[in-house]
Amino acid sequence: MALLELHDVTRRFGDFEAVKDVSFAVESGEFFTLLGPSGCGKTTILRMVAGFDRPDGGRILLDGRDLAATPPEKRPIHTVFQSYALFPHLSVGRNVAFPLRMAGLPEGEIRRRVGETLEQVHLAELADHYPHEISGGQKQRVALARGLVNRPRLLLLDEPLGALDLKLREEMQLELIKLQREVGVTFVFVTHAQNEALALSHRIAVMNRGRIEQLDVPSRIYGFPQNRFVADFIGNCNLLEARVVDRRDGELGLEAEGLGEIRAPATDRPGSTGVLALRPEQVRIHAGGDGENDQDNRFPGTVRDFLYVGDVTTYQVVLDNGFRLSALRANDAPGRARFFEIGDRVTVSWARQAGHYVPD
Amino acid sequence: MARLPIWLRLAAGATFAFLYVPLAVVVAYSFNDSRLNAEWVGFTLDWYRVLFADQEMLLAARNSLFIALVSSLAATGLGTLAGLAMHRYRPPWLPLLVITPVAMPEILLGVSLLVFFIQVLHLTLGLLSVVLAHITFSIGFVAIIVRARLAGMDESIFEAARDLGANPWQTFRLVTFPLILPAVVAGFLMAFTLSIDDFVITFFTAGVGVSTLPLQIYSMIKIAVTPEVNAVSTLLMLLTLVLVAAASRMDRSFMKGGA
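Residues numbered from 1 in each chain as written. Chains lettered and ligands numbered in written order. Predicted model: local features only at pLDDT ≥ 70, side-chain atom pairs only at ≥ 80, totals over all residues.

To continue, consider the overall build of chain A. Across its full length, chain A carries 8 helices and 20 strands. When its C-alpha atoms are laid out on the principal axes, chain A stretches across 75 × 50 × 35 Å. For chain A, buried positions account for 39% of its 360 residues. Restricting the contact set of chain A to residue pairs at least 6 apart, pairs at least 24 apart contribute 64%. (Helix = DSSP H or I, 4+ residues; strand = E, 2+ residues; numbered from the N terminus. Buried ≥ 20, exposed ≤ 12 C-beta atoms within 10 Å, placed from the backbone. Contact = placed C-beta atoms within 7 Å.)

So, in structure tokens, the structure goes:
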């Protein structure tokens, strides 16, 4: 039996349906992520699971039991809030001790568990400090320690890394993964940052406008988006409007807008229309005229723009027929920052097995 | 901080002089060895001796302190609840109801309380009626201060308490109340200051038997502003200053904790 189950959960605010008939199940020990743009309903779901909000329809079950009548303090579920929500009048140690006190544990046991948990998040020496005396990253760890100290069945994390700077965020991502593996508590994580979701999660539910668009493991969410929204929202993507004209040898012949006929892996039948989702890293870019495999989809073009981010450069290429494509190339040549300049004639190509056709 | 231009500092100085010179004059004359507030003769503490021998004045002072203490305690309790309710449930009519007595002209409030106590409650005017009157105009101040404190706080702190196992009462006792305490104390000091200084409403609701410091001072200056009045005014001023300083100190610690 799944640890947490949502069955057709709906939540309305006036005329606005924040969450529409959402169903999913989270297994025990899983790192499950709700990913979506702001306003997609992910935080509303979290608040209903925590007990701060009630669904207008549907059921939420924990270990098979309906939670509807259980107030937040009786649910074996803790939340790490986006703002951390540390108690400003209590020291770090007392913040972490709070759930244990509420559970009525003996003082010696509380002291031991608080010490242990602070050790786990590397904050043992800050136990006597107050929240306004510690840094954002440290507050984040205190919030995590406080949420985990009495081993809830489920830990909900509401954009917990959103307020941290990039370097600290990456550090915390690694620590979150490690911590979750160590303590074995099930995590339900909410974020709008797709790279964070891909890096951390066992499974991801991509949400949009109150619905789940796709629920799958990260590699499939990235590699095989089920629809246009997921393809566009997760990572950078070239979306080629196309129509399927034939299908043979496990391949589709696509009539792509502005490109003419191209080949792609078979996912649908002739006659359908949709988009071919093609990741920039699947698109190769090379100097004009260089020979490559004739079997590939190839087009000549001109570099219009590039985005240099250190390890890789993303080139915007305008094809001779006016179509624009992004191509990514690692800056792996010694002594060179990048390969092409604006105005360079290039050829872009991609393997016939690359890309993923998504019917509308 | 940048240095202010000279004219700005002069203007500020003049404004403060306008505010505080009259008070300083009263303080100075309370130590003046003369019956008249006319010229400086010499330093004396005689007027304070006269003051502390004046039985009527001492009784008025005792009444004032009693009324201020009881009414501000009651107003603090009720005002805190009103502030919490305004913040939590946000009924649009509640702030209006709570704050109206604060904005109402005192004379109007005084007259209507007088009529209400006599005609409706058939109350004999005295300490009780003054206490009740002072509670009515103090609640609003406390409520506003408490609500301002709550408005500056992260709502998820209270949700976090529930989330971590505290029931609503434990959440109030262990989290909400400690966090609003500076505002509650500031509200109490504010109510106390308002009560001890009040003249108009007290005048209408005290009846003949009861006097407070402001009433007593007023009845004395009907004849003349004696140095004794200066002395009692100085003491009242001192008390008010201490209370205001304490209240603003509370306010500051309240800014710090609010983040």
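As a further point, take the domain arrangement of chain A. Residues and elements named next belong to chain A. Under the domain assignment used here, chain A contains domain 1 (4–229) and domain 2 (236–359). Taking only C-alpha atoms into account, the centre of domain 1 sits 39 Å from that of domain 2. Between domain 1 and domain 2, the contact holds 6 residues from the first and 5 residues from the second. Of the residues belonging to the side of domain 1 that touches domain 2, the class tally is 2 nonpolar, 3 polar and 1 charged. (Domains from an automatic or database assignment. Nonpolar A, V, L, I, M, F, W, Y, C, P; charged D, E, K, R; others polar.)

Before going further, it helps to examine the sheet that holds strand β5 (residues 65–66) of chain A. Residue and element names in this part refer to chain A. Read from one edge of the open sheet, 4 strands run β2-β1-β4-β5, paired in antiparallel fashion. One side of each edge strand has no neighbouring strand; the edge strands of this open sheet are β2 (16–26) and β5. Sheet analysis places strand β4 (residues 57–62) next to β5, joined by 2 bridges and oriented antiparallel. Residue pairing in the sheet places L62 in a bridge with R65 of β5. (Pairing = 2+ DSSP bridges.)

Residue and element names in this part refer to chain A. Read across the sheet, 6 strands follow the order β6-β7-β8-β3-β9-β10 without closing on themselves; strand pairing throughout is mixed. The open sheet is flanked by β6 (77–80) and β10 (211–216), the only strands paired with a single partner. Pairwise comparison of adjacent strand axes, ignoring direction, gives a mean angle of 20 degrees for this sheet. In this sheet, strand β9 (residues 203–208) lies alongside strand β3 (residues 31–35) in parallel orientation, the contact comprising 4 bridges. Looking at β9, one finds that F32 is bridged to R203. Running at roughly 175 degrees to β6, helix α4 (residues 136–148) makes contact with β6 and β7 (154–158) of the sheet. (Axes fitted to C-alpha atoms, helices over the stretch in contact; angles between N-to-C directions.)

Moving on, we come to unusual backbone geometry. Residues and elements named next belong to chain A. The phi dihedral of D63 is positive, around 50 degrees, even though this residue is not glycine. Looking at the secondary structure, you find D63 in the loop between β4 and β5. Using a count of 14 C-beta atoms within 10 Å as the deciding quantity, one classes D63 as partly exposed.

All names here are of chain B. For the pair helix α3 (residues 55–89) and helix α10 (residues 213–221), the least separation of the axes is 8 Å and the interaxial angle reads 145 degrees. Taking contact as the criterion, the partners of E56, M57, A60, A61 and S64 in α3 are, on α10, L213, L215 and Q216. Classifying every residue of the contact of α3 with α10 by side-chain character gives 5 nonpolar, 2 polar and 1 charged.

Attention now goes to helix α7 (residues 156–163) of chain B. Within an α-helix, residues lying three or four positions from one another point in the same direction, as the helix has 3.6 residues per turn. Residue and element names in this part refer to chain B. The buried count for α7 comes to 6 of 8 residues, which makes it a mostly enclosed element. The set of residues buried in α7 consists of I157, F158, A160, A161, R162 and D163. Positive backbone phi, at 110 degrees, marks G165, one or two positions downstream of α7.

Residue and element names in this part refer to chain A. For β7, a buried count of 5 out of 5 residues is recorded, marking the element as mostly surrounded by other parts of the structure. Burial of β7 is two-sided: the residues L154, L156 and D158 facing one way and the residues L155 and L157 facing the other way are all buried. Relative to β7, β6 is paired through 4 bridges, and the arrangement is parallel. Looking at β7, one finds that V80 is bridged to L157. As for the winding sense of the linkage, the β-α-β connection from β7 through helix α5 (residues 166–183) to strand β8 (residues 186–191) is right-handed. (Right-handed = clockwise from strand over helix to strand, strands pointing away.)

All right, on to the interface of chain A and chain B then. Listed per partner, the contact involves 18 residues of chain A and 17 residues of chain B. Taken together, the elements giving at least two residues each to the side of chain A that touches chain B come down to β6 and α2 (92–102) of chain A. When residues of the side of chain A that touches chain B are assigned to their parent elements, the largest contribution, 3 residues, is made by α2(A). Tallied by class, residues from the side of chain A that touches chain B come to 11 nonpolar, 5 polar and 2 charged.

With that out of the way, let us pick up the nonpolar core. Ranked by size, the top nonpolar core spans 135 residues in total, and within it V49(A), V188(A) and V206(A) carry the most contacts. Among the elements that line this core, the one with the most residues is helix α8 (residues 168–197) of chain B, at 13 residues. Counting only domains with at least three residues in this core, you end up with domain 1 (4–229) and domain 2 (236–359) of chain A. Residues in contact with V49(A), not counting those within four places in the same chain, are L4(A), I60(A), I77(A), L156(A) and V188(A). Formed by 10 residues, the second largest nonpolar core is a distinct cluster that contains L51(B), M57(B), I217(B) and V229(B). (Core = buried A, V, L, I, M, F, W, Y, C linked by C-beta atoms within 7 Å.)

As a further point, take the packing of helix α4 (residues 93–103) of chain B against helix α6 (residues 127–151) of chain B. Between two packed helices, what matters for the description is the angle formed by their axes and the separation of those axes. Residues and elements named next belong to chain B. α6 packs onto α4 with a crossing angle of 120 degrees between their chain directions and a minimal axis gap of 7 Å. Classified by the angle between their axes, α4 and α6 sit oblique to one another. Helix-helix and strand crossings are classified by hand; for α4 and α6 the assignment is left-handed. Contacts between α4 and α6 involve V98, I99, P101 and V102 from the former and T136, F137, I139, G140, F141, A143 and I144 from the latter. (Parallel < 35°, antiparallel > 145°, perpendicular 65-115°, else oblique. Left-handed = near helix turned anticlockwise from the far one by under 90°.)

It is worth spelling out the environment of V102(B) at this point. Residues and elements named next belong to chain B. Looking at the element boundaries, V102 is found in helix α4. With 106 residues separating them along the chain, V102 and V208 place their C-alpha atoms 26 Å apart. V102 has contacts with F137, G140 and F141, leaving out every residue within four places of it along the chain.

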